[in-house]
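Chain residues, written in single-letter form:
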Amino acid sequence: MLSLQQQKALQWLDDGINFFITGGAGCGKSYIVKEIAQSRQIYKIIHITASTGKAAHLLNGVTIHAFAGIETGVKSLDYYKRHMHPDIKKRWLETDVSIIDEISMINAQTFDLLHLIACEIKQCYDELFGGIQVIACGEFFQLPPVTGKFVFKSKIWQQNMTEVLVLTECFKQKEDAQFFGALNEIRFGQVSDQLLIIL
C-alpha cells in the first residue's frame with residue numbers, strides 16, 4: 001500500500017512532471033522508484049539508472065554513464081556526438097522517462113552533459129533532456145560527487161527540477177520511533193545529549 005506521498009510521485013509520473021524524490025533513511029525512496037519503474041505506462045518507455053553500479057543493480061537498472069554512453073563523462077559533447085554507438089543513440093531516442101537514483105553522486109557538470117546529449121539526439125533544445133521526463137532520487141546529506149559540485153548547483157537542474165517530493169513517513173523503523181528519531185538527528189548533524197546516551 002502506497003502512502004499519500006508515494007501516490008503523488010505516481011501522479012507526477014502520469015502528468016509528465018520532472019521531479020526530485022528525497023527523504024531520510026527508511027522513508028521508502030527506493031521502494032517508490034521501483035514502483036515507478038514497474039508502473040503500467042502504456043505510452044511511456046521508462047529507463048532506470050543510478051550513479052553507481054551497486055545502486056543500479058538493486059533496482060535492476062544500469063549506471064547512468066552506461067545508459068548514456070559517456071564512459072566516465074569527462075570528454076566533450078562533440079566527442080560523444082561523434083563516437084556514440086547507434087544502439088545507445090536509439091535507446092536515447094526511445095526513452096520517455098529517465099529515472100536517476102542516488103543522484104547525490106552525480107555532479108553538476110555530468111548532469112549538464114547528459115542534458116546536452118539528450119537535446120542533441122532528440123533535436124529538442126527547449127526542454128530538459130530534450131523532452132525526456134526526468135525523475136531523480138537521492139539524499140544530498142549522503143555521499144557527494146567524487147569530483148565537482150553537487151548536481152543542484154547546475155543551472156539546468158535549477159531551471160527544470162523545481163518539483164521536490166520529500167518523503168517523511170517512516171517504513172523501515174516504524175516499530176522503533178526512537179531509532180528513527182536518532183537517524184534523523186544524525187542526518188541533520190544535530191546530535192543531542194540523549195542521542196549520545198542511546199548510542
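In what follows, the structure referred to is the one given above.
Scope of this entry: the structure provided in the associated data block. Numbers given to residues run from 1 along each chain, matching the order in which its sequence is written. The predicted nature of this model means local features are confined to residues of pLDDT at least 70 and side-chain atom pairs, given and counted, to a pLDDT of 80 or more, with totals for whole chains, interfaces and linings taken over all residues. Just so you know, side-chain values use all the structure's heavy atoms and leave hydrogens and water out.

Describing the pattern of salt bridges
For clarity, the threshold we go by: The rule for a salt bridge is simple: a side-chain nitrogen of Lys or Arg has to be within 4 Å of a carboxyl oxygen of Asp or Glu. Strands here are runs of E lasting at least two residues and helices are runs of H or I lasting at least four, both read from the DSSP assignment and numbered beginning at the N terminus.
All told, the structure shown has four salt bridges when counted by the stated rule. One salt bridge in this structure joins Glu71 and Lys75, with 3.5 Å as the shortest N-O distance. With a closest N to O distance of 3.6 Å, Lys81 and Glu120 form a salt bridge. Of this pair, Lys81 sits in helix 5 (residues 77–83) while Glu120 is found in helix 7 (residues 108–122), placing the two residues 39 residues apart along the sequence.

Topic: the nonpolar core
Put simply, the rule reads: To define a nonpolar core, start from buried Ala, Val, Leu, Ile, Met, Phe, Trp, Tyr and Cys residues and group those joined through side-chain atoms within 4.5 Å. Think of it in three bands: with a 1.4 Å probe and only protein chains considered, a residue is buried below 20% of the maximum accessible area for its type, exposed above 50%, and partly exposed in between.
Residues Trp92, Ile103, Phe111, Ile117, Phe129, Trp157 and Met161 are the most contacted members of the largest nonpolar core, which totals 28 residues. Those elements giving two or more residues to this core turn out to be helix 4 (64–68), helix 6 (86–94), helix 7, strand 5 (133–137) and helix 8 (155–160). Looking at this core element by element, the count peaks at six residues for helix 7. Leu2, Leu13, Val33 and Ile48 belong to the second-largest nonpolar core, a separate cluster that totals 19 residues.

Brief notes about the environment of Val146
Within the secondary structure, Val146 sits in the loop between strand 5 and helix 8. Through-space distance from the C-alpha of Val146 to that of Ser104 is 10.0 Å; in sequence the pair is 42 residues apart.

What to know about unusual backbone geometry
Phi is positive for Glu102, which is not a glycine, with a value near 50°. Positioned with a positive phi, Phe129 is a non-glycine residue whose angle comes to about 50°. Along the chain, the position of Phe129 falls in the loop between helix 7 and strand 5. By relative accessible area, Phe129 is classed as buried at 0%.

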